[in-house]
Every structure is written in structure tokens, then in C-alpha cells.
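Residues per chain, in single letters:
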Amino acid sequence: MMAIDETKEFLPVNIAILTLSDTRTFENDKSGRVLVDKLTDAGHNLIDRAIIKDDKDDLRAQLSEWVENDDVQVIIATGGTGLTGRDITPEIFHEFYEKEIEGFGEYFRYISMKLIGTSTIQSRATGGVANGTYMFAVPGSPGACKDAWNHIFSEQLDIRFKPCNFVEMMPRLKEK
């Protein structure tokens, strides 16, 4: 049965939020703001937030910094998951993954199908693990960020969610 086990204590997760955009600033980044608001409202910790241009080297540098930072447990990126030439997020994320979480992108598109129909096939949302850090990339719209949080992250980043969740696996992600 899927449910929150109220007998368990909530465990906040340390999350970094990344927006990829050539035009966004902290003042007008609605998608990043949605994710920050959702994670803090849920009781998680915002460890860092950045906005970078759709540039492969800049993205690699930011991800490297966070993946190597033991304080960052989860990276959620918004933007750069579409089909245009500047959309490079999935390609760079895949360079980092030690393990891909195929079901993340599949389930995100399943959820989106109900809300935006066949337009969801343009999304290349992706998830994986690198150096014990969860990495997720979702589309750059505020709606997509809300959908990802409300239907995936709110449960999978809550140690109380049953039958299983991402948080309970965190101590074992670096096992050899």
C-alpha cells in the first residue's frame, strides 16, 4: 500500500536547484522558484541554487561541484530537456550517471501525458545517480516543475513514503 508512515520521523534532504536558461535571472526564474518553494515547504534544505546558460562546459562544472559536495544529496535541474540545439541537459547528465533511473523519465512523461497529452513526448526528463548523489532534470516550465514535485519528489524524497523511497537508499548509494 502506498502511503506516508506517520510513525516514522521526517528526514530533511539536502537539495541543490539548477536552472538552465539563456534568459532567466533569480528575479524571473519561475521554475526554479517553484522548486525552491516546494522543497522548503516540505521541510527539506536548500543547499544551493544556481542559474547557468545552456552551455555544456558550464553545466559540467556546476554538476561536478555539486556531485563532489557531500552536503548535496539531490540535484534537481530545470530546463534544457527539450529538442532544440541548445537543449543539452540530458546529454550532460548522462555523462555523470553511474546508474540511470529510467523509471523517473518514464513516470514523468506518464504524469504529463494526462495533463498535456502528446506534447509530453518532447520532454527528455531524466534521473540518475552519480557519486551517491541523486540527479534529476525536468523541463523548464513552472507546470512541469510542479508536476514533478507533486507527483514524484514529494513521495520519493520523503523517507516515510511506503513501500519504498529514494531517501532510504541514500546511505547505500556509494556501495561497491
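The rules we used
- Residues numbered from 1 in each chain as written.
- Predicted model: local features only at pLDDT ≥ 70, side-chain atom pairs only at ≥ 80, totals over all residues.
- Heavy atoms only, no water.
- Pairing = 2+ DSSP bridges.
- Helix = DSSP H or I, 4+ residues; strand = E, 2+ residues; numbered from the N terminus.
- Contact = heavy atoms within 4.5 Å.
- Axes fitted to C-alpha atoms, helices over the stretch in contact; angles between N-to-C directions.
- Core = buried A, V, L, I, M, F, W, Y, C linked by side-chain atoms within 4.5 Å.
- Buried < 20%, exposed > 50% of the residue type's maximum accessible area, 1.4 Å probe, protein only.
- Phe/Tyr/Trp six-rings, centres within 6.5 Å; stacked < 30°, edge-to-face > 60°.
- Polar contact = N/O pair within 3.5 Å; in protein donor to acceptor, adjacent residues only side chain to side chain.
- Salt bridge = Lys/Arg side-chain N within 4 Å of Asp/Glu carboxyl O.

## Considering the sheet that holds strand 4 (residues 74-78)
Here's step 1: As summarised here, the arrangement of the six strands in space is 3-2-4-7-6-5, forming an open sheet in which the pairing is mixed. One side of each edge strand has no neighbouring strand; the edge strands of this open sheet are strand 3 (45-52) and strand 5 (99-100).
Here's step 2: As judged from the five bridges shared by strand 6 (residues 126-130) and strand 7 (residues 133-138), these two strands associate in the antiparallel manner. Among the inter-strand pairings, V129 is bridged to a residue of strand 7, identified as Y134.
Here's step 3: Along the sheet face, helix 4 (residues 102-116) touches strand 5, strand 6 and strand 7 and points at about 30° away from the line of strand 7.
Here's step 4: Strands in contact with helix 5 (residues 142-156) are strand 2 (14-20), strand 4 and strand 7; relative to strand 7, the strand with the most contacts, it is inclined by about 135°.

## Here's the deal with the nonpolar core
Here's step 1: I15, V74, I76, F104, Y134, F136 and F153 are the most contacted members of the largest nonpolar core, which has 30 residues in total.
Here's step 2: Elements that contribute at least two residues to this core include exactly strand 2, helix 1 (30-42), strand 4, helix 4, strand 7 and helix 5.
Here's step 3: Beyond its immediate stretch of four places on either side in the chain, V74 contacts V13, N14, I15, A16, T133, Y134, F136, L157 and M170.
Here's step 4: With 20 residues, the next largest nonpolar core counts A16, W66, V72 and M135 among its residues.

## Observations regarding the packing of aromatic side chains
Here's step 1: For the structure shown, the criterion picks out nine aromatic pairs.
Here's step 2: Where Y134 meets F136, the ring centres are 6.0 Å apart and the plane angle is 15°; that geometry is what we call stacked. There is no split in this pair, since Y134 and F136 are both buried.
Here's step 3: On the basis of an interplanar angle of 35° and a centroid distance of 5.5 Å, the ring pair of F136 and F166 is categorised as tilted. Here the residue F136 occupies a position in strand 7, and F166 occupies one in the segment after strand 8 (161-162), the gap between them amounting to 30 residues.

## Here's the deal with the side chain of H44
Here's step 1: Mapped onto the fold, H44 is located in the loop between helix 1 and strand 3.
Here's step 2: Judged by relative accessible area, which is 7%, H44 ranks as buried.
Here's step 3: In this structure the side chain of H44 is engaged in a polar contact, spanning 2.9 Å, whose partner is the backbone nitrogen of V13.
Here's step 4: One polar contact links the side chain of H44 to the main-chain carbonyl oxygen of L157, over a distance of 3.3 Å.

## Comments concerning the pattern of salt bridges
Here's step 1: Taken as a whole, this structure holds eleven salt bridges when the rule is applied.
Here's step 2: A salt bridge links E91 to R124; its shortest N-O distance comes to 2.6 Å. In this pair, E91 sits in helix 3 (residues 89-96) while R124 sits in the loop between helix 4 and strand 6, placing the two residues 33 residues apart along the sequence.
Here's step 3: Residue E91 is classed as partly exposed on the basis of its relative accessible area, which comes to 39%.
Here's step 4: For the salt bridge of R160 with D158, the shortest nitrogen-to-oxygen distance reads 2.8 Å. The same class applies to R160 as to D158, namely buried.

## A look at the environment of D22
Here's step 1: With respect to the element layout, D22 can be found in the loop between strand 2 and helix 1.
Here's step 2: Each C-alpha atom of the pair D22 and D54 lies 6.1 Å from the other, and the pair is 32 residues apart in sequence.
Here's step 3: Excluding residues that lie within four positions of it along the chain, D22 makes contacts with K53, D54 and R86.
Here's step 4: At a separation of 3.1 Å, a polar atom in the side chain of D22 contacts the main-chain amide nitrogen of D54.

By themselves these figures say nothing about function.
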